[in-house]
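# Architecture at a glance
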Amino acid sequence: MTARLDVIIGLDIGTTAAKAVIRPAGQAGAQYVEQPTQWQAGPGGRTEIDPYRLLDLAVELTGRAVRAGEAAWGPVRVRAIGVAGMGESGVLLGGAGRPAAPVIAWFDHRGSREIEQAGQQFPGFAAAFERTTGLPWSSQASLAKLLWLRASGCPAGPASTWLSVPEWIVFGLGGDLVREPSLASRTGLIDQDTGELWPAAAALAGLRSRILPEERPAGLAAGRVRHNGVDASALGATLTVAGHDHPVAAIGAGVVEKDELFNSSGTADVLARCIPGTLAQTQRQAVVSAGWSLGRHVLPDTSLLLAGVSGGLLLRRVLAAVGAESAQARDALDHASLGVGELPAGLSVTGDGRSQDDVLLRIADGATPAAIWTAAVRYTAEQARLMLADIEPVVGPHRRAVAAGGWTRMASVRAAKAAAIKSVSFSTAVQPGVTGAALLAEFAIASGGLPLADFIRESTATDNRSQSAQDNQSAQDNLPEGMT
């Protein structure tokens, strides 16, 4: 009988797409698969998805990853699965452990009215919220979703539980009910001083004191796969909630040291900064005032600063505007952009690309496609520089920066980022989000006794995640998918 190869799977349930990586345990080499996250759009910009559809997506990706691994290496046995994904969006479970409402997208503005009303009814609560949770008082936090559900006739009951999307996937696959700190930080329910439920936020939404499960940090085992629909080779695999996608991608790119910065350059352009320890309340308020947010990292005893800037959506729209959507046209534009010096007077590109009206292009004489593209990449890089300049008075400068993601494959984007972000280098890691999830899954079954940060350092130093150029290209040969 042919021996089965032990493998690890990392899942990243993202906004645009869900992805999976399968890799041999303790060895280099990986296979990647992905498929779209199919949200349902409704009136007024409402965007939601059935929780079971997300679970089915995870099951399907696991099966596809297994088949990809078997095609590459022969029979496999899945030892562990790590699940990372989007923050803020979550699943409200009823007393029977079944979803009581759809998953509301993190960018859905439902809850805005309830947030505004609460701020008016309780003067000073918004400021207390920001300095306690490290999040802006807005509709993005999970608290806003819970307030909207309550106002819409679907309140949390006395036995209800709130799970983030990755926590729901782990539970749905047969794992334990757990609260992972980096994801819990995005709910607006956590006091950053204690890491526990903030009673004032719970009281505002009429939530019980145990609305969140017990804490289980990323990389610790959270049960085993028991879902009947999962490929047989994955039954019994150890599960772990890997955490919020941005810090998980950071460790996938090897960013684990204090005061290091990770720039994820995909559909969103995200800045993620490691900070040792926990910041004081006054600093948390200053972080939010600077346009950033603060929470727990997946690394122990580490805080995470997050900011999003104009990025991939804007660049994608500009590529379409100048007729450079094909790989050949994109490469030619990228090469021509490197020869652009001063931009023509009056040429500008601004906006964030989230709607048809948000990218503003001002044309001037001499504005060639290469000049327009150069203006776009310089603009996006400048937004990152400004965000970094705003946060430095609060936490000081970063020591090192690493950028990764589909857009960094373009030389023009790298040049603009290098001019705007000091001490930046560019990671060759393919899909760092699922790579990080797989590393955390492997840590969950590791027996070496290394602390998590040391395990990540050792793993990224000894495993260059080498793939042939053909494998790399096949994983990201389509720009709209590969740059998400």
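If you're wondering where the values come from, they're calculated on a predicted model, not measured in any experiment.

### A look at the overall build of the protein chain
Each helix and strand in the protein chain was counted, giving 17 helices and 20 strands. Taken over C-alpha atoms, the radius of gyration comes to 22 Å for the protein chain, in line with the 23 Å a tight globule of 484 residues would show. Principal axes of the C-alpha set define a box for the protein chain whose edges measure 70 × 65 × 45 Å. When the 484 residues of the protein chain are sorted by exposure, 56% land in the buried category. A separation of at least 24 residues holds for 71% of the contacts in the protein chain among residues at least 6 apart in sequence. Between the centroid of the 41 positive side chains of the protein chain and the centroid of its 46 negative side chains there is a distance of 2 Å.

### Notes on the pairing of strand 1 (residues 5–13)
Burial analysis of strand 1 places seven of its nine residues in the buried class, which makes it a mostly covered element. Here strand 1 runs beside strand 6 (residues 76–85); their pairing, made up of nine bridges, is parallel. By the bridge assignment, I13 is partnered in strand 6 with G85. Judged from the seven bridges that link them, strand 1 and strand 2 (residues 17–24) form a sheet pairing that is antiparallel. The residue bridging I13 from the neighbouring strand is A18, located in strand 2. In sequence, strand 1 turns back onto strand 2 through a hairpin of three residues.

### Describing the side chain of R284
Secondary-structure assignment places R284 in helix 9 (residues 281–289). Only 2.6 Å separates the side chain of R284 from the backbone oxygen of R131, close enough to count as a polar contact. Once you skip the residues sitting within four places of it in the chain, R284 turns out to touch E130, R131, T132, G134, D191, Q192, D193, T278, L279 and L294.

### Points about the nonpolar core
Counting 47 residues, the largest nonpolar core has W292 and W373 as its most contacted members. When residues of this core are traced back to their parent elements, those giving at least two are strand 14 (269–276), strand 16 (302–309), helix 10 (312–321), helix 12 (369–395), strand 19 (400–404) and helix 13 (411–420). With 15 residues, the single largest contributor to this core is helix 12. Residues in contact with W292, not counting those within four places in the same chain, are L271, R273, V287, L305, L306, A307, M387, L388 and I391. By size, the runner-up hydrophobic cluster in this structure holds 43 residues, among which are V7, V33, L163 and L239.

### Thoughts on unusual backbone geometry
Of note in the backbone geometry, E88 takes a positive phi value of approximately 70° without being a glycine. Structurally, E88 can be placed in the loop between strand 6 and strand 7 (90–93). You will see that S423, though not glycine, has its phi angle at about 60°, which is positive. Mapped onto the elements of the fold, S423 is located in the loop between helix 13 and strand 20 (424–426). Note on S423: relative accessible area 48%, which makes it partly exposed.

### Focus: helix 12
End to end, helix 12 covers 39 Å across 27 residues, agreeing with the expected 39 Å (1.5 Å per residue, within 8%). G396 sits one or two positions beyond helix 12 and adopts a positive phi of about 85°.

### Remarks on the sheet that holds strand 2
One open sheet holds the five strands; their spatial order is 3-2-1-6-12, and the pairing between them is mixed. Of all strands in the sheet, those bounded by a partner on one side alone are strand 3 (31–36) and strand 12 (238–244). Going across the sheet, the axis of each strand differs from the next one's by a mean of 20°, ignoring polarity. Alignment of strand 2 against strand 3, held across six bridges, turns out to be antiparallel. Pairing of K19 across the sheet is with E34, part of strand 3. Against the sheet, helix 5 (residues 165–172) makes contact with strand 1, strand 6 and strand 12, and its axis sits at roughly 170° relative to strand 12, the strand it touches most.

### Remarks on the packing of aromatic side chains
A full pass over the atoms with the stated rule returns 10 aromatic pairs. Ring centres of Y52 and W168 lie 5.5 Å apart, and the angle between their planes is 75°; this geometry places the pair in the edge-to-face category. Residue Y52 is found in helix 1 (residues 51–73), and its partner W168 is found in helix 5; the two are separated by 116 residues along the sequence. Geometrically, the ring pair formed by F125 and W198 is stacked, given 5.3 Å between the ring centres and 20° between the ring planes.

Procedures and definitions
Residues numbered from 1 in each chain as written. Predicted model: local features only at pLDDT ≥ 70, side-chain atom pairs only at ≥ 80, totals over all residues. Heavy atoms only, no water. Helix = DSSP H or I, 4+ residues; strand = E, 2+ residues; numbered from the N terminus. Rg over C-alpha atoms; globule rule 2.2 N^0.38 Å. Buried < 20%, exposed > 50% of the residue type's maximum accessible area, 1.4 Å probe, protein only. Contact = heavy atoms within 4.5 Å. Lys, Arg positive; Asp, Glu negative; His and termini not counted. Charge placed at Lys NZ, Arg CZ, Asp CG, Glu CD. Pairing = 2+ DSSP bridges. Polar contact = N/O pair within 3.5 Å; in protein donor to acceptor, adjacent residues only side chain to side chain. Core = buried A, V, L, I, M, F, W, Y, C linked by side-chain atoms within 4.5 Å. Expected span 1.5 Å × (residues − 1). Axes fitted to C-alpha atoms, helices over the stretch in contact; angles between N-to-C directions. Phe/Tyr/Trp six-rings, centres within 6.5 Å; stacked < 30°, edge-to-face > 60°.

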